[in-house]
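Read off the chains here:
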Amino acid sequence: MPALRFRLSRGCRVKMAAEQVEAMNMVKAFRVSDLQTLLASMGRSKSGLKQDLVLRALKMVQSDCSPELLKSVRQLYETRFPKTSGWLAARRPEAVPVNYSSISPTARGLTQSQGADYLNGGIPKQAVAPIAEVKLVSLPFYQTLETLLPPTELIAQNNEKLQDSQCIFELTQGQVDQIRNSIEHRPGIKSVQVVLRIVYTDSIGVQEDQYPPNIAVRVNQSFCHVPGYYPSNKPGVEPRRPCRPINITPWLHLSTTTNRVTITWGNFGKRYSVAIYLVRVFTSAELFNQLKHCSVESAERCRERIQDKLRFDPESEIATTGLRVSLICPLVKMRLGVPCRVLTCAHLQCFDAVFFLQMNEKKPTWTCPVCDKPAPFELLTIDGLLSEILKETDMDVEEIEYLTDGSWRPIRDERDKDKERERSNTPVYPLVDICASEVNGHSPAHSSTSQSAKSGSGSASAPGAGSGGGVVVDLTLDTSSDEENGGAGGDSTDTDDSQGAPSPKRGRYDYDKDLVTAY
């Protein structure tokens, strides 16, 4: 009996040591997110670099090799590196119904041995759920009609950096007719296409298109076009490649024969999945028609939104009495045609819907140009109130202000304000009749005064006479001539010297610069 007990304890120690080594090897293969999850679940600090996290997790496994810790490590490892379908079926929990007719005898034996280990007092192995299907993000310009090849992982065949993976599919006669009978957006570009999509192999959330390094696609032994890199105009920024569905329709056999697609990709540690779909491709004009018919916010709802933003908050120390909104599109710096914004954005500033859809058709980013937040097509809406304002305002109005009652007023340009301010501060002078004949050798005084004097007396008015006209003084005459003529410049007659004297210099204006009006 003591010998049997010794053999059992020794066997348990050997088993625990093997599980501890296995757990340490699993920890070394974890990513930063896995290490943080493991440390947080065991109440340890998850801050630091990856090497610090790895050392902290290895020390934890060495010092505290408890069943809960081994269970967490194994669960994280199997989530990150799932096994084949037969292995997963053999490790299902008993609560999940299993079709044992589809399980191989080897897998069936594994299931029985697992139950036997549990009954004999051993540590039950963590059951792993089946691999969840990789979900691809829906694209506004592509409507999926049929799935020709579901998401399938690209498996590396060896340790080489460049791998070749091949997939095979066939088209039905109905799908062939659908492609042939579809309209053409451009010569050779059909509206119904067969596209290839590549994403990360991750069952958490929806996955966006992501190309692996050194990608090349051959369809029936012919290389097809893969979108290239966008050149970067910023120093030190690498060019970015737009990842979008790859159109393989021109290289397919439009018949019921087998089509072969070979994908060359770089094996640098990341996992990718490939899928093939039959889709209908929309243009930006078609998406704009959908937006115009399905997503327009009424002017009344827009006014309510404005009033909610400008409603007085007693807890706030700053009271907002108005919100300014520009009528210039932030994308193209032109006047808005169709004002559009995102329902989830907090701002009231809009951008032009037509230009926004056209830009995303060429380079899909789906980002709000005002606040740089995500702007998916499903959340776009046309502002009905701003559409009415654009029709009512003149083309020179570039900004408006929303008021607390939901009304609005145009904001005039600062240049117009400056012009009006100069116009209001400039004194008003009487007009000078430049074309009138000279009186007594002098230029005429103000037209209003001279005309009233002519109509009243028929002769030039004397100094001080009239109802408010100014006195014209000829500064070219010297003092002696003024004294000889009695000091009355208005009643003096032309002399020979004055007639023979050269005429005063004239500037750019057609009147004497030497004449000054005295008030």
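Calculation criteria
- Residues numbered from 1 in each chain as written.
- Predicted model: local features only at pLDDT ≥ 70, side-chain atom pairs only at ≥ 80, totals over all residues.
- Heavy atoms only, no water.
- Buried < 20%, exposed > 50% of the residue type's maximum accessible area, 1.4 Å probe, protein only.
- Helix = DSSP H or I, 4+ residues; strand = E, 2+ residues; numbered from the N terminus.
- Pairing = 2+ DSSP bridges.
- Salt bridge = Lys/Arg side-chain N within 4 Å of Asp/Glu carboxyl O.
- Axes fitted to C-alpha atoms, helices over the stretch in contact; angles between N-to-C directions.
- Contact = heavy atoms within 4.5 Å.

Student: Explanation requested: the pairing of strand S15 (residues 339-342) in the structure shown.
Tutor: A regular strand places its side chains on the two faces of the sheet in alternate fashion. Burial of S15 is two-sided: the residues Pro339 and Arg341 facing one way and the residues Cys340 and Val342 facing the other way are all buried. Inspection of the sheet shows S15 paired to strand S17 (residues 380-383) by 3 bridges, in the antiparallel sense. The partner of valine 342 across the bridge, within S17, is leucine 380.

Student: Any chance you could explain the pattern of salt bridges here in plain terms?
Tutor: One side chain can pair with another of opposite charge once the charged atoms of both are near each other. As enumerated under the stated definition, the model contains 10 salt bridges in all. In this structure, glutamate 297 engages arginine 341 in a salt bridge whose closest nitrogen and oxygen atoms are separated by 2.6 Å. One end of the pair, glutamate 297, is in strand S13 (residues 296-297); the other, arginine 341, is in strand S15, and 44 residues separate them in sequence. On the basis of relative accessibility, which here comes to 9%, the residue glutamate 297 falls in the buried class. The residue arginine 341 makes a salt bridge to aspartate 383 at a minimum N-O spacing of 3.2 Å.

Student: Can you help me understand the sheet that holds strand S19 (residues 408-411) in this one?
Tutor: The strands that make up a sheet are held in pairs by hydrogen bonds between backbone atoms, and each pair lies either parallel or antiparallel. Read from one edge of the open sheet, 3 strands run S14-S18-S19, paired in antiparallel fashion. What marks the edges here is a single partner per strand, and that holds for strand S14 (322-326) and S19. Neighbouring strand axes in the sheet, compared pairwise and without regard to direction, differ in orientation by 30° on average. Direction of pairing for strand S18 (residues 399-403) relative to S19: antiparallel, over a ladder of 4 bridges. Bridge pairing in S19 places glutamate 401 opposite arginine 409. Sheet strands in contact with helix H9 (residues 299-310) are S14 and S18, and its direction is about 70° off that of S18. The strands touched by helix H11 (residues 384-392) within the sheet are S14, S18 and S19, with S18 carrying the most contacts at an inclination of about 130°.

Geometric values such as these leave the question of function open.
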